[in-house]
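# Structural characterization, general
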Amino acid sequence: RYFFKGLDADPRRMGKVLHLVAGLYAVEDRAKGLSGEESLVLRRRVSAPLRAKLHAYLLEIREEVLPKSPEARAVRYALNQWEALTRFLEDGDLEIDNGATERANRDVAIGRGNWTFFGSDEGGKTAAVLMSFIASCKRCRVGPFAWFRIIAGAVALVWLGAR
């Protein structure tokens, strides 16, 4: 996103960065449907060299861009977050970005303000927790009601055992 913002001001440099990033995403497209181990092998073979090129290029242009420009902010952000941005190369089950998680939690973020007045202050907090839980269940392909039944049974056993 930050590199895209800098594209108008510096199409040559930002275009090259975006081209390298697009290469990383192309590898992810190829990895769809593969197991975590297979994805990791593909990433190490193809994405790791692209990551190295991208890192070297960011270090190269860091001193060339104006310090307060959108391009400099993009380069600074990427280098400061480099470990987190490249963690997907350490685990084949990780995704390249958090887009799917953000999409899954969008309903929670949008509704949070509405739930604040859900009966009472506590009602709004409870609704927000429940909606976050349901979004997480959807993301993990777990049925929230089945999970509730299991947890409720476990809580009941603990509660009865404590008496």
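In what follows, the accompanying structure is described. (Residues numbered from 1 in each chain as written. Predicted model: local features only at pLDDT ≥ 70, side-chain atom pairs only at ≥ 80, totals over all residues. Heavy atoms only, no water.)

## A closer look at helix H2 (residues 11–31)
What counts here: Helix numbering and strand numbering both begin at the N terminus, where a helix is a DSSP run of H or I of at least 4 residues and a strand a DSSP run of E of at least 2. To estimate the expected span of a helix, count its residues, drop one, and scale the result by 1.5 Å. Type-normalised accessible area, obtained with a 1.4 Å probe on protein chains alone, sets the label of each residue: buried when under 20%, exposed when over 50%, and partly exposed for intermediate values. The contact criterion used is simple: two residues touch if any of their non-hydrogen atoms lie within 4.5 Å.
Taking 1.5 Å per residue, 21 residues should reach 30 Å; H2 reaches 29 Å between its end C-alpha atoms and fits that length. All buried positions along H2 are accounted for by Arg13, Met14, Val17, Leu20, Gly23, Leu24, Val27, Glu28 and Ala31. Summarising the contacts, the buried residues of H2 are in contact with helix H1 (2–5), helix H3 (36–62) and helix H4 (70–80). Taken from the residues just after H2, Gly33 is the one with a positive phi, measuring 90°.

## Some thoughts on the pattern of salt bridges
Note the threshold: Whenever Lys or Arg places a side-chain nitrogen within 4 Å of a carboxyl oxygen from Asp or Glu, that contact is recorded as a salt bridge.
Scanning all chains against the criterion turns up six salt bridges. Ionic pairing is found between Glu28 and Arg43, a salt bridge with its closest N-O pair at 2.7 Å. In this pair, Glu28 is assigned in helix H2 and Arg43 in helix H3, connecting sequence segments 15 residues apart. Accessibility classification places Glu28 together with Arg43 in one group, the buried group.

## Here we look at the packing of H2 against H3
To keep it simple, the criterion reads: In this analysis, axes come from line fits to C-alpha atoms, helices being fitted only over the stretch in contact, and the angle between any two N-to-C directions falls in the range 0 to 180 degrees. We call two directions roughly parallel when the angle between them is under 35 degrees, roughly antiparallel when it is over 145, roughly perpendicular when it lies between 65 and 115, and oblique otherwise. Each residue receives one of three labels: charged for Asp, Glu, Lys and Arg, nonpolar for Ala, Val, Leu, Ile, Met, Phe, Trp, Tyr, Cys and Pro, and polar for the others, Gly being one of them.
Contact geometry for H2 and H3: axes closest at 10 Å, N-to-C directions at 170°. On the basis of their axis angle, the class for H2 and H3 is roughly antiparallel. Split by residue class, the contact of H2 with H3 holds 14 nonpolar, three polar and nine charged.

## Comments concerning the side chain of Arg13
Of note, Arg13 is situated in helix H2. Assessed through its relative accessible area of 16%, Arg13 is described here as buried. When residues no more than four places from it in sequence are discounted, the contact partners of Arg13 are Tyr57, Ile61, Glu64 and Val65.

## Observations regarding the layout of surface pockets
Heads up, the condition is: Any residue with an atom within 4 Å of a point lines the site, the site being either a cavity, points on a 1 Å grid over the protein atoms alone where a 1.4 Å probe fits but cannot get out, or a pocket, an open set with protein on both sides within 12 Å along at least 5 of 7 lines. Grid points are joined across faces, edges and corners, and a volume is the space filled by probe spheres set on the points.
In this structure, the largest pocket occupies an estimated 1,100 Å³ of space. Lining the largest pocket we find 32 residues, and of these Tyr25, Leu85, Ile96, Asp97 and Asn98 sit closest to its centre. Among the elements of the structure, H1, H2, H3, H4, helix H5 (82–85) and helix H6 (99–104) are those that each provide at least two residues to the lining of the largest pocket. The dominant element in the lining of the largest pocket, judged by the number of residues it contributes, is H2, at five residues. Estimates place the volume of the second largest pocket at around 390 Å³. Surrounding the second largest pocket, 20 residues form its lining, Glu28, Lys32, Arg43, Leu94 and Glu95 being those nearest its centre. Residue assignment for the lining of the second largest pocket shows that the elements contributing at least two residues are H2, H3 and H6. Along the lines of polarity and charge, the residues of the lining of the second largest pocket split into six nonpolar, six polar and eight charged.

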